[in-house]
Every structure is written in C-alpha cells, then in structure tokens.
Amino acid sequence: MGGYENGDSPAAAAWEGGVILGVDGGTTSTVCVCLPAAMPPPEAPGSVAVLSRAIAGCSNRNSVGENAALETLEQVMMQALTTANTDRSAVVAVCLSVSGVNHPSDQQRMLDWICNLFPGNAKFYVENDAVAALASGTMGKLHGCVLIAGTGSIAYGVTEDGKVARAAGAGPVLGDWGRWAYADPSWARIAALVPVVVSAAEDGDKVANTILHDAVQELAESVVAVVRRLTLCGEDGKDQFPLVLVGGVLEGNKKWDISGEVIKCISKVFPGVCPIRPEVSMRTNIRCYEIFAILWGLNILRLWTVWWNLQLVRRC
C-alpha cells in the first residue's frame, strides 16, 4: 500500500458513505482495492483515494477449481475491508474482473455467490479481467484492443457500438503443446519459465531466441485476429486504434523487448496501432487496471471520456 496500513491513509476517514471493492483476479495473483464510495471524480488514476489494497493467490476457476477460486476472492475482499478498518456492511458496490469468466453462465454463478456476501442493496459487476485491463489504458472508454501476456495470454477487443471479440486465452491445456504442461495443475509453474528463457535468449541461446520469436508472433497474430474481426483499424486497415499492453511478459526485459517486438509485428499489418502501457501510481504502487476494475464497473469513468480522446490524439 505504499506505506498505508490498517486504514491510516488520508482516505481512511472517507468511508462513512460506504466503500467500493474492485478485484483484479488472475491466475498468479488476485488484488483487491478498496475505495471510498463518496470520493469526487479524480483528476488522474494516480490521484484516486485508496483506503486499502490486499493480495491473495489464484482466483481463476479453470486453474484451481471453483471452490478454491471463490475462497480466494472472499479472502482478498475481507482482507481489504479489514485493512481499511471497515466491514462488509459498508460495501455499496463490488466489481469483479476475473480471469476464467468467459461465458454468461460463469458470470451468473459468480453473481449468485457474491450476492450472499454483501448487503442486498449493493451493486455487483462481473467481467473477464481483460475488460478492466482494456479500461485501464483507455481511461474507461471500452473501445480498442487489449493484449494480456502474463501467466496466461488473451487478446480482447471492443468496438464503439459494443461488439466484442477475443483470441487466445485457451489456457495451458489447449495453449501449450508440451506434455509437461499437463502434469501439474499449477499454471504458475509454466509462467515461471519466462524469465529463464528471456535470460538465456539475452545470453545468445538460439533455442531460447526461437521460443521468444515464436511467442511474439503468436501474441501479435492474436491481436491482428481481433482487430480484423472488429474492423478496429477501419475499412482500409489504416485507422488509429488503442492497443493496451498488460502483463508481466510485456513489462521490463530491456535487452529482449517482447512488447516492442510484438508492436513491430502488428504495425506491419496495422500502421495505425497506438500502444498504451497503463501507469503505476508512484504514491501507492497500485497499477491503474486494479483501480479501473472498480471505476469501470461503476461507470465513474464516463467523466474522463473527453480527456481520453484528447490524450489518444496526442499519443498517436
């Protein structure tokens, strides 16, 4: 929490009007952020008043099973409330943005479950984590494409009129060819190989470089498929569109720039791509998509739509 513990942040006294919980649930970790419901519209993601932040393990039901995933989600939300010196009776809204929520039936099961945890007048929103990741780079406007590459990968796009498309995101059973991937249900075991491969590639290992080049090509192709399906690039393929880049695989690695190579591949097909990397608040070390997991669901970010349109023009 960047030094804020046990509700001692400047925002801690503001929860009398209720609190909002936003959850970014992934395969490696799950993060819950607690915000005061009565906060004024923030000037920027980094200026959002945060009461608390809690971290737990995997909440992807396809990885650890539904019961374990729900236990993790409940644990991280209760921990965030305790750290903010409040409890579930103060919750006025919850937005769950969780990997593995891929079908309306997934959403409904999670909605039925969460309704029993909080007051009956609270509002609940459930989406795949790709939705919050997209909103984190577009200041809440659900338009464009997001590429997530972490423990898992997915390309997800939305048009201005609400049409959606996705590619990849099949998980290790369908997404990884090696039979070793099937021997253990822990997907994090597979993800832990990434820094080893990158390090070997940086040292000149040919096999490691081939692996990374193949991965770059597959990530780029997943984005191209989504953009083409939704015509985000326009009829001539040259229109500008935002591409939000999220996930540990696309961060860092100065010598072997995976995200840079992915963008190069996509730019050859769609020269109008505008890559966006969500900010991290230096004050709280909270990633913007953790905050947007809350704000997107509550539609607070509609106030920022004009601001975002101006920024997109400047970035491109």
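Sequence order sets the numbering: in each chain, residues are counted from 1 along the sequence as written. Under the rules for a predicted model, residues below a pLDDT of 70 receive no local features and side-chain atom pairs below 80 are neither given nor counted, while totals for whole chains, interfaces and linings still include all residues. With hydrogens and water excluded, all non-hydrogen atoms of the structure serve as input to the side-chain values.

1. Some points on the packing of helix H2 (residues 66-83) against helix H3 (residues 104-114)
Where H2 contacts H3, the two axes come as close as 12 Å, and the packing angle between them is 50°. The angle between H2 and H3 places the two elements in the oblique class. As H2 runs across H3, the sense of the crossing is right-handed. On the side of H2, the interface is formed by Glu66, Leu70, Leu73, Glu74 and Met77, while H3 contributes Arg109, Met110, Trp113 and Ile114. In this analysis, axes come from line fits to C-alpha atoms, helices being fitted only over the stretch in contact, and the angle between any two N-to-C directions falls in the range 0 to 180 degrees. Under the DSSP-based scheme used, a helix requires at least four consecutive residues in state H or I and a strand at least two consecutive residues in state E, with every element numbered from the N terminus. Roughly parallel here means an angle under 35 degrees, roughly antiparallel means over 145, roughly perpendicular means 65 to 115, and every remaining angle is called oblique. A clockwise turn of the near helix away from the far one marks a right-handed crossing, whereas an anticlockwise turn of less than a right angle marks a left-handed crossing. The contact definition used throughout considers only heavy atoms, calling two residues in contact when any of these lie within 4.5 Å.

2. Some details on the nonpolar core
Here the nonpolar core consists of buried residues drawn from Ala, Val, Leu, Ile, Met, Phe, Trp, Tyr and Cys, with membership extended through side-chain atoms lying within 4.5 Å. The rule is simple: take the accessible area with a 1.4 Å probe, protein chains only, and divide by the maximum for that residue type; under 20% is buried, over 50% is exposed, in between is partly exposed. Counting 34 residues, the largest nonpolar core has Leu147, Leu243 and Ile258 as its most contacted members. Taken together, the elements giving at least two residues each to this core come down to strand S6 (144-149), strand S8 (164-168), helix H7 (193-202), helix H8 (206-230), strand S9 (241-246) and helix H9 (258-269). In terms of residue count, the dominant contributor to this core is H8 (ten residues). If you look at the next biggest cluster of nonpolar residues, it comprises 30 residues, including Leu73, Met78, Leu81 and Ala84.

3. Regarding the pattern of salt bridges
Side chains bearing opposite charge may pair, as long as their charged atoms lie close to each other. In what follows, salt bridge is the name for a side-chain nitrogen of Lys or Arg lying within 4 Å of a carboxyl oxygen of Asp or Glu. Scanning the entire structure with this criterion turns up six salt bridges. In this structure, Arg109 and Asp106 form a salt bridge, with 2.9 Å as the shortest nitrogen-oxygen distance. Of this pair, Arg109 and Asp106 both sit in helix H3, three residues apart, roughly one helical turn. Glu261 is the partner of Lys264 in a salt bridge, and the nearest nitrogen-oxygen pair spans 3.5 Å.

4. Overview of the confidence of the model for the protein
Every residue carries a pLDDT, the predictor's confidence in it, which falls somewhere between 0 and 100. A residue-level look at the protein finds 73% of positions with pLDDT of 70 or above and a mean pLDDT of 78. Here helix H11 (residues 305-315) stands out as the element of the protein with the lowest mean pLDDT, 45, in contrast to H2, whose mean of 94 is the highest. Considering only residues more than four positions removed or in separate chains, one finds that residues 1-14, a stretch of pLDDT under 50, has 26 contacts. Segment residues 296-314: pLDDT under 50, and 38 contacts once partners within four positions in sequence are set aside and those in other chains are kept.

5. Some details on the packing of aromatic side chains
We call Phe, Tyr and Trp rings a pair once their centres come within 6.5 Å, taking the six-membered ring for Trp, and we label the pair stacked below 30 degrees between planes, edge-to-face above 60, and tilted otherwise. Under the definition given, this model contains two aromatic pairs. Aromatic pair Phe241 and Phe270: ring centres 6.1 Å apart, planes at 80°, arrangement edge-to-face. Here Phe241, found in strand S9, pairs with Phe270, found in the loop between H9 and strand S10 (273-276); they are 29 residues apart in sequence, far enough to count as distant. Since its relative accessible area comes to 0%, Phe241 is described here as buried. For Phe270, a relative accessible area of 3% translates into the label buried.

6. Looking at unusual backbone geometry
The residue Asn85 is not glycine, and still its phi comes out positive at about 60°. Of note, Asn85 is situated in the loop between H2 and strand S4 (91-98). You will see that Thr231, though not glycine, has its phi angle at about 55°, which is positive. Tracing the chain through its elements places Thr231 in the loop between H8 and S9.

7. Points about the pairing of S9
Buried residues dominate S9, accounting for six of its six residues. Here S9 shows a buried face lined by Phe241, Leu243 and Leu245 and a second buried face lined by Pro242, Val244 and Val246. Bridge count between S6 and S9: four bridges; the pairing is parallel. In the sheet register, Cys145 faces S9, and the bridge partner there is Leu243. Note on pairing: two strands pair once DSSP finds at least 2 bridges between them. Alignment of S9 against S10, held across four bridges, turns out to be parallel.

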